[in-house]
Structures are given as C-alpha cells and as structure tokens.
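Chain residues, written in single-letter form:
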Amino acid sequence: MTSEEEFESLIDAEQNHYANEIRFLEQNIDTLEYILSANYEEFIDIIDFYEEELPKRDNRKTLIRKVQYEYQRRLHNYLASYYSLYDQTQNIQSNYLENRGDEYNELLSEHQLDPISTFLRRFRVYVHHVELPPLQAVERYSKREGQPDIQRKILFKRDELLEWDGWNAAEAFSKRWMKRYF
C-alpha cells in the first residue's frame, strides 16, 4: 500500500468513526426522547386517573395516598429524564455544533423554550435536592348543568414553592409561571 493509499485509508477510517459517533449520539437522543415522552405520559396518566377514575372507586380514601405517591414518583422521573435529554443535547451542541450556538439559542427563543426549560431545570433541582413538592388534593362540587358533579385536581402548594430561594436567574419567570399554572 502506498503512502497516499494509506493516508486515504486513514481519512476513510476517521470519517467512518465520526459517522458512527454521530449515529450513536442520534440513537442516544432518540432513546432519551422516548424515555422523556413515556415519563410524561405516565405523569399525565396519574393526573387523569385522579381526576376521572378515582371518583368511580369504592376504596377512594386509600387510593388517594397511593395516587400522591405515584404523582411524586412520576414527576421525579419526568424531571430526571428532561434533565438528561437537556444535558446531553447541550453536550452535543458544545462538542459538535460549536459554531452554531447562536442558531441553537435562536431556535429556543423562537419557540419560547428557554424560560420553560430554565424553570424545569430549577424545578428538578428543587425536587431532587431540596424536597418533593408539597401537594394538595382539591375537590370542587358543582350543581351546574353540563358540568361534572365533582372536579378533582392535585396541585402543588404554590406558596411554599415560591418561598424557595433557589430559583435564581429563572426566579421572575418561574414565579410568574407558577402563579399562573399552579
């Protein structure tokens, strides 16, 4: 093999290695997206169970605590999987797309993902490192026609979450978001 052929062989091997590395990263991101999606669906399922199925059950009181455990577990899993996906996409962005960082940040801004992402990352810190967020079960009774007799929700105790001093840079957005949705 001539030195030129040897050099071309090395270049081909390097390109194949890089292509394999990119394929591995893509598979990894696909897997993380699947995990995130599955955790989100499980989280929504427990909310739906509480709001829609629980009223139909005879042993309601014993189920409420189990639902709260599941709610906390699924929230924990969702936030962990969100952070894994976030962290690994950040690594890919910094290792492979260094000169495209502005495009990445622009895309986040266009879709208004950065403030929500910041909130979810800080909420993960709260859930994983401070405490599980305090919950309250709410039941509203209605006699209005066309509305269910009982509406159930599981809510975070917003005021207690707002007392945490770890919202840092996300504090203004996070507090506005919690006041609106919690």
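You'll find the structure just up there.
Quick look at the structure, then. (Residues numbered from 1 in each chain as written. Predicted model: local features only at pLDDT ≥ 70, side-chain atom pairs only at ≥ 80, totals over all residues. Heavy atoms only, no water.)

### With respect to the overall build of the chain
In step 1: Looking only at helices and strands, one finds six helices and two strands in the chain.
In step 2: The secondary structure elements of the chain, listed N-terminal to C-terminal, are α-α-α-α-β-β-α-α.
In step 3: Here the chain holds 182 residues, and the buried ones make up 32% of them.
In step 4: For the chain, restricting intrachain contacts to residue pairs at least 6 apart in sequence, the fraction spanning at least 24 positions comes to 63%. (Helix = DSSP H or I, 4+ residues; strand = E, 2+ residues; numbered from the N terminus. Buried < 20%, exposed > 50% of the residue type's maximum accessible area, 1.4 Å probe, protein only. Contact = heavy atoms within 4.5 Å.)

### A look at the layout of surface pockets
In step 1: In this structure, the largest pocket spans a volume of roughly 530 Å³.
In step 2: Together, 21 residues line the largest pocket, and F43, I47, Y71, F156 and F182 are the ones closest to its centre.
In step 3: Elements with a minimum of two residues in the lining of the largest pocket: α1 (3-53), α2 (60-96), α4 (113-130), β2 (150-156) and α6 (171-181).
In step 4: In terms of residue count, α1 provides more of the lining of the largest pocket than any other element does, six residues in total.
In step 5: Along the lines of polarity and charge, the residues of the lining of the largest pocket split into 19 nonpolar, no polar and two charged. (1 Å grid on protein atoms, 1.4 Å probe; cavity = no way out; pocket = protein on both sides within 12 Å on 5 of 7 lines; lining within 4 Å. Points joined across faces, edges and corners; volume = space filled by probe spheres on them. Nonpolar A, V, L, I, M, F, W, Y, C, P; charged D, E, K, R; others polar.)

### Describing the pattern of salt bridges
In step 1: Per the counting criterion, the structure on display carries three salt bridges.
In step 2: With a shortest N-O distance of 2.7 Å, E70 and R73 are connected by a salt bridge. Within this pair, E70 and its partner R73 are both found in helix α2, separated by three residues, close to a single helical turn.
In step 3: Taking relative accessible area as the criterion, R73 reaches 36% and is therefore assigned partly exposed.
In step 4: In this structure, E70 engages R74 in a salt bridge whose closest nitrogen and oxygen atoms are separated by 2.9 Å. Residue E70 and its partner R74 are located together in helix α2, separated by four residues, close to a single helical turn.
In step 5: Given the relative accessible area of 16%, R74 is considered buried.
In step 6: One connected set of salt bridges, linked through shared partners, spans E70, R73 and R74. (Salt bridge = Lys/Arg side-chain N within 4 Å of Asp/Glu carboxyl O.)

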